[in-house]
Amino acid sequence: SLACALVGKPQVVLLDEPTTGLDIESRQKLMSNLKQYKTDTQALIMIISHHPEEVMRDVDQFYHIRKNTIQSVSTEEMNRLTLLKKITFKYSGNESLPKSVKTQKENSTVEAIAEDGDLYIKELCQSNIAFSNLSIRKLSAEEILGEVL
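Residues numbered from 1 in each chain as written. Predicted model: local features only at pLDDT ≥ 70, side-chain atom pairs only at ≥ 80, totals over all residues. Heavy atoms only, no water.

### Quick notes on the pattern of salt bridges
As a working rule, side chains carrying opposite charge can pair if their charged atoms are close by.
Reasoning step 1: On inspection of all chains with the given rule, the structure shows five salt bridges.
Reasoning step 2: Notably, a salt bridge pairs Glu115 with Arg80, separated by 2.9 Å at the nearest N-O pair. Placement of Glu115 in the loop between β7 (109–114) and α4 (117–126) and of Arg80 in helix α3 (residues 75–81) is noted, with a sequence separation of 35 residues between them.
Reasoning step 3: Note on Arg80: relative accessible area 35%, which makes it partly exposed.
Reasoning step 4: A salt bridge links Lys86 to Glu143, with the nearest nitrogen and oxygen atoms 3.3 Å apart. Pair noted here: Lys86 is in strand β5 (residues 85–90) and Glu143 is in helix α5 (residues 141–148), with a separation of 57 residues, a long-range link. Assigned by exposure class, Lys86 and Glu143 land together as buried.
Reasoning step 5: Each of Lys86, Glu111, Arg137 and Glu143 takes part in one network of salt bridges that share partners. (Salt bridge = Lys/Arg side-chain N within 4 Å of Asp/Glu carboxyl O. Helix = DSSP H or I, 4+ residues; strand = E, 2+ residues; numbered from the N terminus. Buried < 20%, exposed > 50% of the residue type's maximum accessible area, 1.4 Å probe, protein only.)

### A closer look at a nonpolar patch on the surface
Reasoning step 1: Judged by side-chain polarity, Val12, Leu14, Leu44, Met46 and Ile48 come together as a nonpolar surface patch covering roughly 450 Å² of accessible area.
Reasoning step 2: Relative accessible area serves as the criterion here: at 36%, Met46 is assigned to the partly exposed category. (Patch = residues over 30% accessible without salt bridge, like charges linked within 9 Å, V, L, I, M, F, W, Y side chains within 5 Å. Areas by Shrake-Rupley, 256 points an atom, 1.4 Å probe, with all protein chains shown as cover.)

### Looking at the environment of Pro98
Reasoning step 1: Inspection of the secondary structure assignment puts Pro98 in the loop between β5 and β6 (102–106).
Reasoning step 2: Pro98 gets classed as buried once you look at its relative accessible area, which sits at 11%.
Reasoning step 3: Separated by 36 residues in the primary sequence, Pro98 and Phe62 have C-alpha atoms spaced 31 Å apart.
Reasoning step 4: Among residues more than four places away in sequence, those in contact with Pro98 are Tyr120, Glu123 and Leu124. (Contact = heavy atoms within 4.5 Å.)

### Looking at the environment of Ser100
Reasoning step 1: Inspection of the secondary structure assignment puts Ser100 in the loop between β5 and β6.
Reasoning step 2: Ser100 sits 48 residues away from Pro52 along the chain, and the two C-alpha atoms are 24 Å apart.
Reasoning step 3: Discounting chain neighbours no more than four positions away, the residues touching Ser100 are Ala112, Ile113 and Tyr120.
Reasoning step 4: Within the local environment of Ser100, its side chain forms a polar contact with the backbone oxygen of Lys102, the two atoms lying 3.2 Å apart. (Polar contact = N/O pair within 3.5 Å; in protein donor to acceptor, adjacent residues only side chain to side chain.)

Right, here's the structure in full:
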């Protein structure tokens, strides 16, 4: 049905959850075809998705709607945010922790979001702070949108 809708080469295309129910290969092919369509026609393509990680690599501008507010995020900023790391560890002291984008401490568990996870851990080790149970991972798109923006 998407192919039929694009036959007339519309200049504005609004797609609501176009990747729902598609396997990974089909999703990638759909996004590739939409990108090619945009290049060929200079059309404005708006994609509504509850799964931003599926579409955020392929967009020029990203809009996030939360609590009746629309926030615009450039592709460059979104790409920068996808590099953030979440560092989690146990720590019961009161010493100051390395600088991060965001730090939360609940009981003895610390969750820090850092632009450079390796540097954060290096500074943590160099500070001689006693910690345990260290883990590091990339943030999901949902975490970026919910916790960072």
